[in-house]
Each structure stands twice: as structure tokens, then as C-alpha cells.
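Listed below, chain by chain, are the residues.
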Amino acid sequence: MKFLLVALMTVLMGMSVTSCMNGDDNTIYTGPAFAKCTNYFPATFELANGQKLVVNELSMPNLNIGEIYFFYYQFDTAQQPGNSQTLDVTLYAGSTPTSISAKSTEGPEKAADYNEATAPLYTFNSDTSTQPGILFDQYLVIPIMYWVKVESTDEKQKEELNKHSFILTYDFTNVKSGDTTLELTLNHVIKDGSEEGVERNKYTSTYKAYKLDRAISDFKAAGGAEPTKIIVNAKTNSSKNSLDGAANSTWSETLKTN
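Keep in mind the model is a prediction, meaning the values are calculated, not measured.

### Thoughts on the nonpolar core
Phase 1: Leu140, Ile142, Leu184, Leu186, Ile230 and Val232 are the most contacted members of the largest nonpolar core, which totals 26 residues.
Phase 2: Listed by contribution, the elements that provide at least two residues to this core are strand E10 (139–148), strand E11 (164–170), strand E12 (181–190), helix H3 (213–223) and strand E14 (229–236).
Phase 3: When residues no more than four places from it in sequence are discounted, the contact partners of Leu140 are Pro132, Gly133, Ile134, Leu168, Leu184, Lys208, Ala209, Tyr210, Leu212, Ile230, Val232 and Trp251.
Phase 4: Core analysis: the second largest hydrophobic core is formed by 18 residues, Tyr29, Ala33, Ala35 and Leu91 among them.

### A closer look at the confidence of the model for the chain
Phase 1: Looking at the chain as a whole, the pLDDT averages 87, with 84% of positions reaching at least 70.
Phase 2: Across residues 1–22, where pLDDT falls below 50, the model places 52 contacts with residues more than four positions away in sequence or in other chains.

### Side note on the environment of Tyr203
Phase 1: Mapping Tyr203 onto the fold places it in strand E13 (residues 202–211).
Phase 2: By relative accessible area, which is 29% here, Tyr203 ends up partly exposed.

Quick notes on the rules
Residues numbered from 1 in each chain as written. Predicted model: local features only at pLDDT ≥ 70, side-chain atom pairs only at ≥ 80, totals over all residues. Heavy atoms only, no water. Core = buried A, V, L, I, M, F, W, Y, C linked by side-chain atoms within 4.5 Å. Buried < 20%, exposed > 50% of the residue type's maximum accessible area, 1.4 Å probe, protein only. Helix = DSSP H or I, 4+ residues; strand = E, 2+ residues; numbered from the N terminus. Contact = heavy atoms within 4.5 Å. pLDDT = per-residue confidence, 0-100.

What follows is the structure in C-alpha cells.
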């Protein structure tokens, strides 16, 4: 339950940086970061606005340059302005930069039978959760809430989580010349192996950052135009972990054009 509560709190914190100051005299700023790793040592992360966060305490072997990470950080506003181009920060207690970059097998890729959804999301584009968003004009960051089985040990829980993939797919066969709406589908796929009838009756959350360059390139090849809007569809069911009775949920956003 602790695992589930921490995950839910992460979603509810939101994708925008928010201050957690306790009173007017507290100069310590605490906030979440969705940032790209740009250097191993000192560990350096770039925010979407170009601001750099330098985390001197972080060891370098756990990082991959170019991947998108999520973490909470702190700094003293009395020692350095919050709008500085580079900030020396510390990690908030218990926070560790976690890569949210989608696996190579999670797309975006052309739709196929093997990557169709086998389970719903718990919710998508909900008023009570963080909304998806475009990062660095090329990454689609999606907060995902989904049904899981709660295991008795951390090791078994990790095995359970590793069974879940979130594959972003597209089918541009019906795209016409001049179309500018890029439509994607988020598919929740569970690889159970020999397990059948597994009861997944609790939900947790994660983030996924999908690089859109390939999807945009294929879209332009199909219709000849730059996309100006993105739509993401997903199957959701907040009652049970079943596609039976699942709803069609949609999120959309205007894209910047070069």
C-alpha cells in the first residue's frame, strides 16, 4: 500500500513545478522536475525552459545521457535566484531520478496485432490526475494510472510491474494529403505468461516519455504536411481491470510548428 500511495501522490503533484515552502520565512524551494540528462558528473539535467539543474551529490553510473528523468529537488532561494540559468540543487529526501523514457519496444510504432491493448488503463486524461504534455517540442509525456496486483515482497512487486507495457501506436493508412492531425493510441499490454485469472484490483501510476520524431516523419510521408495537432486515444476502466465495458478516452493538444 505504501508503494501505491507514493505513486498516487506523484501523479497528483502535477507536471508543473510547484513551491512547497512552509511559511514566509522558509527560503527552501521544493519542486518536481521532468528533465533531460545532459551530463554524468556532475549530474546535470535540463528542464524544458532551458534551465539546468546540477545535482552534485548524484553518482553517475545510474544515468543515461539523453533520457528523460523525473525527480524532486530542492534549493535555497536566499543563495541563488530561482530564475538562474543554472541551479545547484539537492535531491529531496527519498527522491531518486527515475528514467521515464519509453522503452524501444513501446514506440511510437506502426500498429500491429501484437501490440494491441490487452488491458485498460485505470484512467486517462482525468480531472483528478496530471495531464499529458509535450516536452522539448519532441517528447510526449503521459502520466499513466493502471491496475496491478499487489505482491507480498518488493521483488515480486517488481516482477509484476515488469509485466506491464504501454505501447504507443499509429496507423496512417487513411491519412489524406494535407491532413494535420496526428492520431496515436496508447495500448496497455500485460504479459502474464502462464498466469491466467490474476486479480489486479489496485491501481498505481507511472510516467512515460515518448519521442515523437519517427511518428511525425511517417505522418508527413503519408500526408505531406506537418502535424499541428496531436490526439491520443486509450481504453480506460476505473471499475475493474477488463476491456469489457472499457471507455474510449481521448487527449489532444496543439503542436508547435517549425
